[in-house]
Amino acid sequence: MSLAPVLEQPLAGALVPPYANWGRRVVAALLDGAVLAGATWLVLGSGSGAPSLTPVPDSSPAHQGISWVSSPVLVALVVVLLALQGYTGATPGKRVVGIAVVRASTGRPVGLVTSALRVVAHLLDAIFLIGYLRPLWDAQCRTFADSLLGTVVLQTRDTPPHPWFARRARPTGAGSVLVTAGSVAVCALGVGFSTTTTSTAWISTAVVPCVAQTGTDVATATASRESSWWQERRLWVTRPAARQVEDRLSITWRWHGPAADLSSPTSIRTDLLDASGVVDTTVNQEMGEQVGVNGPLQLGPATLSTSDLAHAGQSWTARSVIAVWGTTVASCTVRAEDWSAAS
């Protein structure tokens, strides 16, 4: 019994292309995935999950960005790719590697509905990836999705037209070459926008009042709000990175007393208190012996991250003290409202 698709008239007797091997199918899936991932980065930025025409189990952490289904542009792109596969047999990735999805009974493209149902049926293939590996041993190189929907993947760029377009079909030639060249360009851009990344970080510092200072003849404190943010550049486009903004409170002390005093056990203790005055986070820093330095000595800084501040609630206060032999010699306090006003 022949394994070739049984073609309907008037295609019966035509030379049937071979079934597409597993390697070509994998490369095509990777290229289509790159196109979708690159488009997702362009539309939504970093950190958003991209759609896929070949779903697989995802063990990575949940994406923090916007869901792709909320973007009309990405939904439209998925529909366009499904339509290309349904009415021409090939997505850009399939076109590049020279394979096409057709009905096993006719050898013609399957249409939009079957093309979409085939993606859904791939969920069965994704179970332990067995279905995706099945073309390695199946006589017709089929996945479970192919068997369920009566499709096969052939190694060809020139499929017979879909029945809707059979009367308008034109002979292949220069047009086919242009379509292939366009698919190559689309896939190359997809790979570039999905994999090539250059990250750039910026840091800004704003002074935050450190009030209720004591012991200023011994040491003075300077508090600041340090903000960092990142951008990603892929090819010629720059977008905000997933890790966009991070703030932290930094308290730096300057010692005005004799440097010899720091030979004694000296520490900086910074307590972050919530609105009720309960200590939420404590940062301790032991100061070692400092000798041979002229002028004020810079001690610290003590830092509290954005997550620390958020955990303490909205009306937090931060109190930093310098202690020598366990005795407080200087202190200052930073309030949440001053922090929020700094920019």
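You'll find the structure just up there.
Residues numbered from 1 in each chain as written. Predicted model: local features only at pLDDT ≥ 70, side-chain atom pairs only at ≥ 80, totals over all residues. Heavy atoms only, no water.

## Side note on the environment of Ser340
Then, number 1: Note that Ser340 resides in helix H9 (residues 336-341).
Then, number 2: Look at Ser340 and you get exposed, because its relative accessible area is 54%.
Then, number 3: Considered as a pair, Ser340 and Arg225 are 115 residues apart in the sequence and their alpha carbons are 9.1 Å apart. (Helix = DSSP H or I, 4+ residues; strand = E, 2+ residues; numbered from the N terminus. Buried < 20%, exposed > 50% of the residue type's maximum accessible area, 1.4 Å probe, protein only.)

## Side note on the packing of helix H1 (residues 22-44) against helix H2 (residues 72-88)
Then, number 1: The contact between H1 and H2 brings their axes to 10 Å, and the two run at 160 degrees. Classified by the angle between their axes, H1 and H2 sit roughly antiparallel to one another. Between H1 and H2 lies a crossing of right-handed hand. Residues Leu36, Ala39, Thr40, Val43 and Leu44 of H1 form the contact with H2, whose participating residues are Val73, Leu74, Leu77, Val78 and Leu81.
Then, number 2: A class-by-class count of the residues in the contact of H1 with H2 yields nine nonpolar, one polar and no charged. (Axes fitted to C-alpha atoms, helices over the stretch in contact; angles between N-to-C directions. Parallel < 35°, antiparallel > 145°, perpendicular 65-115°, else oblique. Left-handed = near helix turned anticlockwise from the far one by under 90°. Contact = heavy atoms within 4.5 Å. Nonpolar A, V, L, I, M, F, W, Y, C, P; charged D, E, K, R; others polar.)

## Comments concerning the pairing of strand S7 (residues 266-273)
If a strand is regular, its side chains alternate between the two faces of the sheet.
Then, number 1: For S7, the tally of buried residues reaches seven of eight residues, placing the bulk of the element in the interior.
Then, number 2: Relative to strand S10 (residues 317-324), S7 runs antiparallel, the two being bridged by eight bridges. When the bridges of S10 are listed, Leu272 appears paired with Ala318. (Pairing = 2+ DSSP bridges.)

## Let's talk about the pattern of salt bridges
Then, number 1: One pass over the structure, following the stated rule, counts nine salt bridges.
Then, number 2: Notably, a salt bridge pairs Asp146 with Arg118, separated by 2.9 Å at the nearest N-O pair. Residue Asp146 is found in helix H6 (residues 144-149), and its partner Arg118 is found in helix H4 (residues 112-125); the two are separated by 28 residues along the sequence.
Then, number 3: Linked through salt bridges whose partners overlap, the residues forming this network are Arg25, Arg118 and Asp146. (Salt bridge = Lys/Arg side-chain N within 4 Å of Asp/Glu carboxyl O.)

## Focus: the layout of surface pockets
Then, number 1: Reported here for the largest pocket is a volume of approximately 860 Å³.
Then, number 2: Lining the largest pocket are 37 residues, with Ala29, Leu30, Ser52, Thr54 and Val56 sitting closest to its centre.
Then, number 3: When residues of the lining of the largest pocket are traced back to their parent elements, those giving at least two are H1, H4 and helix H5 (130-133).
Then, number 4: Here the lining of the largest pocket is composed, by residue class, of 18 nonpolar, 13 polar and six charged. (1 Å grid on protein atoms, 1.4 Å probe; cavity = no way out; pocket = protein on both sides within 12 Å on 5 of 7 lines; lining within 4 Å. Points joined across faces, edges and corners; volume = space filled by probe spheres on them.)

## Points about the side chain of Arg118
Then, number 1: Take Arg118: its relative accessible area is 5%, and that puts it in the buried class.
Then, number 2: Not counting residues within four places of it along the chain, the set of residues in contact with Arg118 comprises Arg25, Gln85, Val101, Ala145, Asp146, Leu149, Thr151 and Val153.

Honestly, it's all geometry; don't read function into it.
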